[in-house]
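Residue strings, one per chain:
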Amino acid sequence: MSNFSKEERVAFEDVLEGFNDAMVMSHNVTVYRSDAQSMERSSDTIWRPMPYISKSFDGADQTGNFGAYTQLSVPASIGYQKSVPWKMTTTELRDMLQENRLGTAARQKLGSDINGSVRNVASTQGSIVIKRTSAASGYDDLAEAEASMDELGVDQFDRIAALASRDYNGMASNLAARETMNEMPTEAYRKSYVGEVAGFNTHKLDTATRLTAAAGVTVTMNGANQYYTPLATSTAAVTGETSNVDNRFQTITIGVSSGTVAVGDAFTIAGVNSVHHITKEDTGQLKTFRVHEIVTGAGGAGTIKITPAIVSAGGSTLAEQTYKNVAATPANGAAIVFLNTTTAYANPFWLKGSIELLPGTYPVPENAGIAVMRGTTDQGIELVMQKSADIVTGLISYRFDTRYGVVNTCPEMNGIILFGQA
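Residues numbered from 1 in each chain as written. Predicted model: local features only at pLDDT ≥ 70, side-chain atom pairs only at ≥ 80, totals over all residues. Heavy atoms only, no water.

1. Considering the nonpolar core
Alright, step 1. Ranked by internal contacts, the top residues of the largest apolar core, which has 35 residues, are Leu-142, Met-149, Phe-200, Phe-349 and Ile-417.
Alright, step 2. Of all the secondary-structure elements, those providing two or more residues to this core are strand S3 (73–77), strand S5 (128–131), helix H4 (139–151), strand S6 (159–164), helix H5 (165–176) and strand S19 (347–351).
Alright, step 3. Looking at this core, the element that brings in the most residues is H4, giving four residues.
Alright, step 4. With 34 residues, the next largest nonpolar core counts Ala-164, Ile-355, Met-373 and Met-385 among its residues. (Core = buried A, V, L, I, M, F, W, Y, C linked by side-chain atoms within 4.5 Å. Buried < 20%, exposed > 50% of the residue type's maximum accessible area, 1.4 Å probe, protein only. Helix = DSSP H or I, 4+ residues; strand = E, 2+ residues; numbered from the N terminus.)

The structure is reproduced here in structure tokens:
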């Protein structure tokens, strides 16, 4: 086994430090550190709890009101393994600057991978959708997202918004033009800096998820009573085996008259308003949904899986009353109206605790003829560096590896802002 030189160890420490700093998005989500042995025995999947919601009743006599809470949970997997490999000749090793540049590039790419995973989960699964007909202009855009989260009863602290560079700069331009404030317009003009606006800590994305337009699509609900009853577990009819249930999604039947429904599409359903998650009061605003999966049918006609599930208390169970999120069950034939009418960046915003990052381990054996170094960021993300030499070719092989998972524990606590929509 080849040992690492002092220069290589210093280079690795520099890469690890920069790797920690590069993970901007991951610093704005909750980190859940799982047990490596338990994750191996469960195929790297663990069920994480969703937030509890309680129900209250009037009066001193609570006869008939005692019931078991339905604890909802979601599957969280360490499903990402990212690696950056390269080779160097023995003569190239003489130029440590070259090696440091390669290490820096590896750090940037792996850090970008983790940031991108967080961004994609928020952008594709977040169910609160803010449709803006004009370009990004500043306070009003984020204030609309703030109001939507407030109306749903989402906590008013630790809110994050990440915007595509052009949209972020549009907000900075609006701030820079103001004359009634001092510090923020100056920073916006000098550095295109937005900072905290409408309760959101904002960040600029150098790359962002784009949501394709759902133009010319005509869709209706196909069938009545399409509501969802939350369940903690389900029992297989044949084997009797009990397993957890992922309550973030629901399969609904639709009719498509024209166009094609696609994964990621955002929509509302006629007559289906959102309610405050705790008080259950009607917000007066249509509930927004996302298409998570096309289950059956050509072009999306047939059945699709959506998030969040439509919990209207149609069945009047305690679980439905507790987790009710809409004021009414969709009517048969109710129009589905798509919000992403123009292809645009999906700018994600979220409550910090609603998205979790799960650090994984990469247990490379250190006695198998390979030199191994490992380090951990302050969030628990492990970075592993390996080196091996080929006596035949004279080449030195290096690789950096990291494993992690990202889970959206509650899509109703995060969403996207779409600008320039028709």
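2. Some details on unusual backbone geometry
Both trends apply: most residues other than glycine have a negative phi, and most peptide bonds are in trans.
Alright, step 1. The residue after Thr-307, namely Pro-308, is reached through a cis peptide bond having omega -5 degrees.
Alright, step 2. Positioned with a positive phi, Ala-198 is a non-glycine residue whose angle comes to about 50 degrees.
Alright, step 3. Among the secondary structure elements, Ala-198 is positioned in the loop between strand S7 (196–197) and strand S8 (200–205).
Alright, step 4. Among the residues examined, Ala-198 registers a relative accessible area of 12% and is labelled buried.
Alright, step 5. Even without a glycine there, the phi angle at Ala-313 is positive, about 65 degrees.
Alright, step 6. Within the secondary structure layout, Ala-313 lies in the loop between strand S16 (302–307) and helix H7 (318–323).
Alright, step 7. Exposure remark for Ala-313: the relative accessible area of 19% places this residue in the buried category.

3. Details of the sheet that holds S16
Alright, step 1. Spatially, S10-S13-S16-S15-S14-S17 is the arrangement adopted by the six strands of the closed barrel, whose pairing is antiparallel. In this sheet, neighbouring strand axes are inclined to one another by 50 degrees on average, regardless of whether the strands run parallel or antiparallel.
Alright, step 2. Here strand S10 (residues 218–221) runs beside strand S13 (residues 250–258); their pairing, made up of four bridges, is antiparallel. Among the inter-strand pairings, Thr-218 is bridged to a residue of S13, identified as Ser-258. (Pairing = 2+ DSSP bridges. Axes fitted to C-alpha atoms, helices over the stretch in contact; angles between N-to-C directions.)

4. Examining the confidence of the model for the protein chain
Alright, step 1. Scored by pLDDT, the protein chain has a mean of 84; 86% of the residues are at 70 or more.
Alright, step 2. Confidence, read as mean pLDDT per element, is least for helix H6 (residues 183–191) in the protein chain (48) and greatest for strand S14 (residues 266–275) (97).
Alright, step 3. In the model, residues 188–192 has pLDDT below 50 throughout and makes 10 contacts with residues more than four positions away in sequence or in other chains. (pLDDT = per-residue confidence, 0-100. Contact = heavy atoms within 4.5 Å.)

5. Focus: H4
Structurally, the α-helix is built with 3.6 residues per turn, so residues lying three or four positions apart point the same way.
Alright, step 1. For H4, which comprises 13 residues, the first-to-last C-alpha distance of 18 Å matches the rise-based estimate of 18 Å (1.5 Å per residue) to within 8%.
Alright, step 2. Among the residues of H4, those classed as buried are Asp-141, Leu-142, Ala-143, Ala-145, Ser-148 and Met-149.
Alright, step 3. Phi turns positive, to about 85 degrees, at Gly-153, one or two residues after H4. (Expected span 1.5 Å × (residues − 1).)

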